Amino acid sequence: MENKIYPFLKNYNKLNKTHLAFNDIIEELKNIKMCELKIGQTEKKIVFPDLNPLQKEIFQLFNLNPQNMIL
């Protein structure tokens with residue numbers, strides 16, 4: 001994980017003139033929530049919210065697809 005995150009942070013900070021750290025990445029990922037919608041008595045749907053640009057980059061970094069995370 002370190003081999004991907006730290007080069008990403010270095011590049012991201014340089015391009016965006018920011019000072020993100022590893023803990024910022026973790027906090028950004030903690031903000032992602034899945035919701036279960038109940039429709040009527042029997043229908044349920046799991047919804048994954050839209051990711052912000054930084055979250056999208058983190059998911060791409062690890063080749064993750066949010067839709068594959070739905071149970």
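This is a predicted model, so every value here is computed, not measured.

Draft legend 1. Region of the structure containing the packing of aromatic side chains. With the rule as written, the count across this model stands at three aromatic pairs. Ring centres 6.3 Å apart and planes at 65 degrees place the aromatic pair F48 and F59 in the edge-to-face group. Linking F48 in the loop between β2 (43-47) and α3 (53-61) with F59 in helix α3, this pair joins segments that are eleven residues apart in sequence. When sorted by exposure, F48 lands in the same class as F59, which is buried.

Draft legend 2. Highlighting the packing of helix α1 (residues 2-16) against α3. Direction vectors running N to C along α1 and α3 enclose 140 degrees, while the axes themselves pass 11 Å from each other. Considered as vectors, α1 and α3 are oriented oblique to each other. The two elements α1 and α3 meet at a crossing, and its hand is right-handed. Note on element contacts: α3 touches α1 through L54, E57, I58 and L61, opposite K4, I5, F8 and Y12.

Draft legend 3. Representation of the side chain of N13 in the model. Assignment of secondary structure puts N13 in helix α1. Relative accessible area serves as the criterion here: at 15%, N13 is assigned to the buried category. When near neighbours in sequence (up to four residues on either side) are disregarded, N13 contacts T18, H19 and L20.

Draft legend 4. Quick peek at the nonpolar core. I5, F8, L9, Y12, I25, L54 and I58 together form the largest nonpolar core, which totals seven residues. Within the residue set of this core, elements represented by two or more residues are α1 and α3. Sorting elements by how many residues they give to this core places α1 first, with four residues.

Draft legend 5. Examining the environment of Y12 more closely. Relative to the helices and strands, Y12 is located in helix α1. By relative accessible area, which is 15% here, Y12 ends up buried. Along the primary structure Y12 and Q67 are separated by 55 residues, whereas in three dimensions their C-alpha atoms are 25 Å apart. In this structure Y12 touches K17, T18, L20, L54 and E57, once residues within four positions along its chain are discounted.

Draft legend 6. Looking closely at unusual backbone geometry. One non-glycine residue, K17, lies in positive phi territory at about 50 degrees. The backbone of N63 sits at a positive phi, close to 55 degrees, despite the residue not being glycine. One can find N63 in the segment after α3. On the basis of relative accessibility, which here comes to 67%, the residue N63 falls in the exposed class.

What counts, and where the lines are drawn
Residues numbered from 1 in each chain as written. Predicted model: local features only at pLDDT ≥ 70, side-chain atom pairs only at ≥ 80, totals over all residues. Heavy atoms only, no water. Phe/Tyr/Trp six-rings, centres within 6.5 Å; stacked < 30°, edge-to-face > 60°. Helix = DSSP H or I, 4+ residues; strand = E, 2+ residues; numbered from the N terminus. Buried < 20%, exposed > 50% of the residue type's maximum accessible area, 1.4 Å probe, protein only. Axes fitted to C-alpha atoms, helices over the stretch in contact; angles between N-to-C directions. Parallel < 35°, antiparallel > 145°, perpendicular 65-115°, else oblique. Left-handed = near helix turned anticlockwise from the far one by under 90°. Contact = heavy atoms within 4.5 Å. Core = buried A, V, L, I, M, F, W, Y, C linked by side-chain atoms within 4.5 Å.

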